[in-house]
Amino acid sequence: MAEQAQYEELVRQFSAFGAVKREMGRTLPSDCPSGSAAVLTLLARHGEMRMSKLAELLAVDMSVTSRHVTHVAERGWIERSPDPADKRSRILRLTPAGEDRVREMSRRTTQLLAERLSEWTDDDVAELTRLMARLRASFDDCRTPAITQ
């Protein structure tokens, strides 16, 4: 197990990582704020889904999810259709325009990363990717409630 000082340094690095996320966010098209980008990205990754599933994946409440969904629907990037299994629910899916928007966001973000990491080796980039995936998986485990005795 790592030393306390290593965890403290990791906390400092996470705080500083906000600047990286902000710069990546600035690459987004002006009509697509980060919440809308997250909606589009999740629909591209997971396919069509109910609003409740999207709220779960975004880890925000339904009112916030609804605002993001309204924003992207008004721009024609997603469509909302009745759920055949439950007419009270809606199924969300990307439109061709939404798929184009996701490709454009991905292109911009990939270009930024390629520029900023241009002096990194392929092995360094692969190692960072592996470690970030491992870190994310460790936190995914935290989504299930802890068992208390």
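Predicted model only: the values in this text are computed from it and were never measured.

**Student:** How would you sum up the pattern of salt bridges? Please name residues and give values.
**Tutor:** Throughout the structure, instances matching the rule amount to 14 salt bridges. One salt bridge connects R93 with E48, and the closest N-O pair in it is separated by 2.8 Å. Pair noted here: R93 is in strand β3 (residues 86-94) and E48 is in the loop between α2 (34-46) and β1 (49-50), with a separation of 45 residues, a long-range link. Overall, the relative accessible area of 48% leaves E48 in the partly exposed class. Linking R103 and D100 is a salt bridge whose minimum nitrogen-to-oxygen distance equals 2.3 Å. Of this pair, R103 and D100 both sit in helix α5 (residues 96-116), three residues apart, which is roughly one turn of the helix. Among the residues examined, R103 registers a relative accessible area of 51% and is labelled exposed.

**Student:** Describe the environment of D123, and please don't skip the residues or the numbers.
**Tutor:** Tracing the sequence through the fold places D123 in helix α6 (residues 122-140). Spatially, the C-alpha atom of D123 lies 16 Å from that of R134, the residues being eleven residues apart in sequence.

**Student:** Please give an account of the nonpolar core that cites residues and values.
**Tutor:** Counting residues in each nonpolar core, the largest one holds 21 residues, and the members touching the most others are L40, L43, L54, I78, L92 and M105. At the level of secondary structure, the elements contributing two or more residues to this core comprise α2, α3 (51-58), α4 (62-74), β3 and α5. The leading source of residues in this core is α2, at five residues. When sequence neighbours within four positions are dropped, the list of residues in contact with I78 reads L40, L43, V69, V72, A73, L92, R93, L94 and T95.

Analysis parameters
Residues numbered from 1 in each chain as written. Predicted model: local features only at pLDDT ≥ 70, side-chain atom pairs only at ≥ 80, totals over all residues. Heavy atoms only, no water. Salt bridge = Lys/Arg side-chain N within 4 Å of Asp/Glu carboxyl O. Helix = DSSP H or I, 4+ residues; strand = E, 2+ residues; numbered from the N terminus. Buried < 20%, exposed > 50% of the residue type's maximum accessible area, 1.4 Å probe, protein only. Core = buried A, V, L, I, M, F, W, Y, C linked by side-chain atoms within 4.5 Å. Contact = heavy atoms within 4.5 Å.

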